[in-house]
Amino acid sequence: MYRQISVVFRYFIVTFLVAELILFNCALFYAYFMIKGALTSFSNTNGGFIDKISTNPSIKSLLEAGKDGGLSKLLEETVERVFLITYPKNEQDDMPKLTFLGVDMSNAGEFGFIYRRIQTSNFKQSRLVIDIGANDGLISSNSFNLIQLGWNAILVEPVPSQMDLAKSNTRRFVRSKKYQNVTYVEAAIGQRDGFSEFVITDDLGTMQNHLASSHHSVRVGRKSTIQVKCFSVKTFVFKYNVPKKFGVLSIDAEGTGDKILKQFIKLGFRPTYIIYEALHNSEPILETMDYLHRNGYFPQSKRGWNYIFEYQF
C-alpha cells in the first residue's frame, strides 16, 4: 500500500512540475511579446521618455495616476529614503553629511544636459528658472530638479488642479524665503492681459491643455473649457520683478510658445538657457532658430520635443 501511495505521489509531483513548466513558459512568451510590443512603440516615437512610454495604454493609465499625486508619493517612499553618508576627515570636523539621491524629472534629460553645462562654465547669472506651462511641476518638469537644488523659480500654470499639484510637488523642497523664493502664478501667458478661454483635454498623459486661440494642430479630446487669467510678457515680468538676465527660461505653451519667446527677447531679456518646445507653434523651428541666433543664442541640443539654446555673452 505504501508503494502505491509512493507511486501516486510521484505521478502527482511529475504532473505538477510539468504543469508549472508549461505555465512558466507561457508566462515567458507572454512577457516577451508584451516587451517586444512596448519596445517597438518606444523606438518608433519621436518624443521624450514620458512621451514614449505613454503610448502604451497600460502605462498611460499609470502615468495619469502618477500625475494625480501617485508618483510624488512613490518617490517619497523609495528614492528619497536612500542617501549617502559623507564622513568628516577627522573627529573634530562637523557632523557627517547626508547626500540624497535624485531623479532627473525632465521629459528627455533637459535638466541633466543643462546642469552639466552650468557646472563646466563660468555661470554667474541669477539662479532663477521660469517655467511657462509648468503643469503638475513634477512629470516632465524642467524646473523641479532646479528647485530641489535651491534655485528660485516662477511656475506659470493656468489650470487650477495642475497648479495645486505643482505646489504640493515642490513646496517640500523649498527652503525658507530668506534663501529661496518659488512663486506660483495661476495664469496663462498670452498676447494681452485679461481673461481667455482655455481648453482642458481629456488626456492627462500628453499634457496638451492650451489656449483656445492658439495654433494647435493636433486633434486631442476636448474635455472642457475654462476661463483663465492671462498676462502679456510685459505685464508678467514687471509684476514678478524678473531680472533681465537669469538662468533658465522654459516655454511649453502648446501653440503660443513662439510668440511668448519673442516677447521676452524684444523686451531685452536674456536667459542663459532657453528650453523651447516647438510643437504646435505656427512659426517653423528654423525661423525661430534664425531669430534666436540673431539675438545671441546658439542651439545646443534637441531633447525629445524640446530645443535647448544657450546665450553667448
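Structure: see above.
These numbers were taken from a predicted model, which means no experiment stands behind them.

A.B. asks: Just to check I follow, could you spell out the overall build of the chain for this structure?
C.D. replies: Tallying secondary structure elements over the chain gives nine helices and 13 strands in all. With an accessible surface of roughly 18,100 Å², the chain has 58% of that area assigned to carbon and sulfur atoms.

A.B. asks: I would appreciate a short explanation of the side chain of Glu310 in the present structure.
C.D. replies: Within the fold, Glu310 resides in strand 13 (residues 306-311). Here the side chain of Glu310 touches Arg117 through a polar contact of 3.0 Å, side chain to side chain. Engagement of the side chain of Glu310 in a polar contact is seen with the side chain of Gln312, the distance being 3.2 Å. Residues within four places of Glu310 in sequence aside, it is in contact with Arg117, Thr272, Tyr273, Gly296, Tyr297, Phe298 and Gln300.

A.B. asks: Would you mind going over the nonpolar core with me for this structure?
C.D. replies: Generally speaking, a soluble globular protein has its nonpolar side chains buried in company with each other. Within the largest apolar cluster, 32 residues are counted, with the highest numbers of intra-cluster contacts made by Ile130, Ile132, Phe236 and Phe264. Going through the elements one at a time, strand 3 (126-132), strand 4 (152-156), helix 7 (233-239), strand 10 (246-251), helix 8 (257-266), strand 11 (273-277), helix 9 (285-294) and strand 13 are the ones with two or more residues in this core. Excluding anything up to four places from it in sequence, Phe236 contacts Ile130, Ile154, Val156, Val185, Ile189, Phe231, Val242 and Phe264.

A.B. asks: Help me understand a nonpolar patch on the surface, please; the structure alone is not making it clear to me.
C.D. replies: On the surface, a cluster of nonpolar side chains totalling about 550 Å² of accessible area is made up of Phe83, Ile85, Tyr87, Leu98 and Phe100. At the level of elements, strand 1 (83-86) and strand 2 (97-100) are the ones that each hand at least two residues to the nonpolar patch. Residue position: Tyr87 is located in the loop between strand 1 and strand 2. Here Tyr87 falls in the exposed class, since its relative accessible area comes to 61%.

A.B. asks: Would you mind going over the packing of helix 8 against helix 9 with me for this structure?
C.D. replies: Helix-helix packing is characterised by the crossing angle of the two axes and by the distance between the axes. Direction vectors running N to C along helix 8 and helix 9 enclose 10°, while the axes themselves pass 11 Å from each other. Judged by the inter-axis angle, helix 8 sits roughly parallel to helix 9. On helix 9, the residues that touch Leu261, Lys262, Ile265 and Lys266 of helix 8 are Thr288, Tyr291 and Leu292. Grouping the constituent residues of the contact of helix 8 with helix 9 by class yields four nonpolar, one polar and two charged.

A.B. asks: Sorry, what's going on with the packing of aromatic side chains here?
C.D. replies: Any aromatic ring pair is given by two values, namely how distant the centres are and how the planes are angled relative to each other. Under the definition given, this model contains seven aromatic pairs. Ring centres 5.9 Å apart and planes at 20° place the aromatic pair Phe123 and Trp151 in the stacked group. Here the residue Phe123 occupies a position in the loop between helix 4 (110-119) and strand 3, and Trp151 occupies one in the loop between helix 5 (144-148) and strand 4, the gap between them amounting to 28 residues. Put simply, the rings of Phe231, Phe236 and Tyr240 pair up and form one aromatic cluster. The ring of Phe269 has Lys244 lying over it, and the distance from NZ or CZ to the ring centre is 4.4 Å. Note that Lys262 overlies the ring of Tyr291, its terminal NZ or CZ placed 4.9 Å from the centroid.

A.B. asks: Is there a simple way to think about the sheet that holds strand 12 (residues 297-303) in this case?
C.D. replies: Backbone-to-backbone hydrogen bonds join strands into a sheet, with any given pair of strands oriented parallel or antiparallel. Strand order in this open sheet of seven strands is 5-4-3-10-11-13-12, and the pairing throughout is mixed. At either end of the open sheet lies a strand with only one pairing partner, and these are strand 5 (182-185) and strand 12. When strand polarity is set aside, the average angle formed by the axes of neighbouring strands in this sheet is 15°. Where strand 4 and strand 5 come together, four bridges link them in parallel fashion. Residue pairing across strands places Leu155 opposite Tyr184, the latter belonging to strand 5. Together, strand 4 and strand 5 form the strand contacts of helix 6 (residues 160-170), whose direction differs from that of strand 5 by roughly 170°.

A.B. asks: Would you mind going over unusual backbone geometry with me for this structure?
C.D. replies: Backbone geometry follows two general trends: most residues other than glycine have a negative phi, and most peptide bonds adopt the trans configuration. Phi is positive for Ser140, which is not a glycine, with a value near 60°. Within the secondary structure, Ser140 is located in the loop between strand 3 and helix 5. Here the phi dihedral of Asn241 falls at roughly 55°; this positive angle occurs in a residue that is not glycine. Within the fold, Asn241 resides in the loop between helix 7 and strand 10.

Scoring rules and cut-offs
Residues numbered from 1 in each chain as written. Predicted model: local features only at pLDDT ≥ 70, side-chain atom pairs only at ≥ 80, totals over all residues. Heavy atoms only, no water. Helix = DSSP H or I, 4+ residues; strand = E, 2+ residues; numbered from the N terminus. Areas by Shrake-Rupley, 256 points an atom, 1.4 Å probe, with all protein chains shown as cover. Polar contact = N/O pair within 3.5 Å; in protein donor to acceptor, adjacent residues only side chain to side chain. Contact = heavy atoms within 4.5 Å. Core = buried A, V, L, I, M, F, W, Y, C linked by side-chain atoms within 4.5 Å. Buried < 20%, exposed > 50% of the residue type's maximum accessible area, 1.4 Å probe, protein only. Patch = residues over 30% accessible without salt bridge, like charges linked within 9 Å, V, L, I, M, F, W, Y side chains within 5 Å. Salt bridge = Lys/Arg side-chain N within 4 Å of Asp/Glu carboxyl O. Axes fitted to C-alpha atoms, helices over the stretch in contact; angles between N-to-C directions. Parallel < 35°, antiparallel > 145°, perpendicular 65-115°, else oblique. Nonpolar A, V, L, I, M, F, W, Y, C, P; charged D, E, K, R; others polar. Phe/Tyr/Trp six-rings, centres within 6.5 Å; stacked < 30°, edge-to-face > 60°. Lys NZ or Arg CZ within 6 Å of the ring centre and 35° of its normal. Pairing = 2+ DSSP bridges.

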